[in-house]
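# Observations on the three-dimensional arrangement
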Amino acid sequence: DKYFFASYVKGDDVSQHRQLSIINRLPKALALGELYMVYQPKLTLSDGRCVQVEALMRWEHHQLGVLSPAEFIPLVECAGMIKVVSQWALDQVISQQAKWKQSGLHLQVAVNLSTQDLISGTLCDDIQAKLHRHKVDASALSIEITESTLMDDMETAVQTIKRLKQVGVDVAIDDFGTGHSSLAYLKNFPVDEVKIDKAFIDDLLVDSRALHIMKCSIELAKGLAFKVTVEGVETEEIYLALTNMGVDKIQGDLFAKPMSAKELEESWGLLQQS
Ligand code: C2E
Ligand code: CA
Ligand code: CA
Ligand code: CA
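Here we summarise the structure given alongside this text. It should be emphasised that the depicted structure is a prediction, and the values quoted were computed from it without experimental measurement. (Residues numbered from 1 in each chain as written. Chains lettered and ligands numbered in written order. Predicted model: local features only at pLDDT ≥ 70, side-chain atom pairs only at ≥ 80, totals over all residues. Heavy atoms only, no water.)

Helix and strand counts for the chain come out as 12 helices and 9 strands. What you see for the chain is a C-alpha radius of gyration of 19 Å, in line with the 19 Å of a compact globule of 274 residues. Its C-alpha atoms give the chain principal-axis dimensions of about 50 × 45 × 35 Å. For the chain, buried positions account for 46% of its 274 residues. Once local pairs closer than 6 in sequence are excluded, the contacts in the chain between residues at least 24 apart make up 68%. Surface exposure of the chain reaches about 13300 Å², of which carbon and sulfur atoms provide 53%. (Helix = DSSP H or I, 4+ residues; strand = E, 2+ residues; numbered from the N terminus. Rg over C-alpha atoms; globule rule 2.2 N^0.38 Å. Buried < 20%, exposed > 50% of the residue type's maximum accessible area, 1.4 Å probe, protein only. Contact = heavy atoms within 4.5 Å. Areas by Shrake-Rupley, 256 points an atom, 1.4 Å probe, with all protein chains shown as cover.)

This next bit is on the coordination of the calcium ion (ligand 2). Donor atoms from the polypeptide that bind the calcium ion (ligand 2) are Glu54 (OE), Asn112 (OD1), Glu144 (OE) and Asp174 (OD), placed at 2.1 to 2.3 Å. Positions of the donor residues of the calcium ion (ligand 2) along the chain correspond to the pattern E-x57-N-x31-E-x29-D. If you look at the calcium ion (ligand 2) and the calcium ion (ligand 3), they sit 4.4 Å from each other and are both ligated by Asp174. Of this pair, Asn112 sits in strand S4 (residues 108-113) while Glu144 sits in strand S5 (residues 141-146), and the two are 32 residues apart along the sequence. (Donors = N, O, S within 2.8 Å, 3.2 Å for Na, K, Ca; no water.)

Before going further, it helps to spend a moment on the nonpolar core. Grouped together as the largest cluster of nonpolar side chains are 80 residues, with contacts concentrated most on Tyr39, Ile143 and Met214. Among the elements that take part in this core, helix H4 (residues 82-102) stands out by supplying 9 residues, more than any other. Excluding anything up to four places from it in sequence, Ile143 contacts Leu90, Val111, Leu113, Ile127, Leu164, Val169, Asp170, Val171 and Ala172. (Core = buried A, V, L, I, M, F, W, Y, C linked by side-chain atoms within 4.5 Å.)

Structure (structure tokens):
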């Protein structure tokens, strides 16, 4: 895989060197605890209560500092190493939930997985084993899959989503509207939720077409019985524009930034108030 990856790295020498420093470090980083999860609340639009958190990965690289998953996840996927990372993330989240459960905090957590995980064939069994081991209920888990890659092996993806649903795990389509999938295809995915991509949010107030796309996307998603989450809400203006559009959940720095498990526990009381 390493050799395969070396032929994939792009860009100038500096950027190639950086990509290799990231990938070559991965096994050690996992072993030494350089990776960790942060949690960002999702709130109901109607009463502002935190109903779920999304787990987001961070990597404090020994030389490069804190890396964004937007940089390292695509590299890890290309290097064929996403499965280990996803399994690690699921372990982190589910064992954290077991701790929260003991202190009376029952919280659904959404985990970002790659389409490669979804079509691997063992995902559902792996998840069930982890939930069982930590005595965490399947309903406490939700999976977010990015729309753009879902069509690569649609049949397998649909089968896995169906199995996850049977087990009791929720599934959401992430970055809704950015992929090349048409809604005609999306109706085949028995998911619970779609998350509308931030790209549409940012133009909402300045571009009437973005507003129109947004309204239509929400209407279509609702028509297919999907719950709608809008993420990346940064300003009061955008938040106000979103009310009365049929949005179910909102997420963004305006309400709460991604935080450590400890910070989440500390602000939990506040997040429960409407
Ligand atoms: P995503 O799943 O679409 O996650 C939303 C991203 O938007 C997160 O970036 C989040 O921190 C950021 N965000 C949330 N609210 C705001 C806001 O108000 N303003 C702005 N500007 N940004 C906001 P992050 O954490 O850097 O993650 C980037 C992407 O990396 C994620 O996009 C997801 O696709 C991927 N990712 C993150 N964690 C994992 C993971 O554990 N596994 C996998 N496979 N992918 C992950
Ligand atoms: Ca996500
Ligand atoms: Ca997203
Ligand atoms: Ca994304």
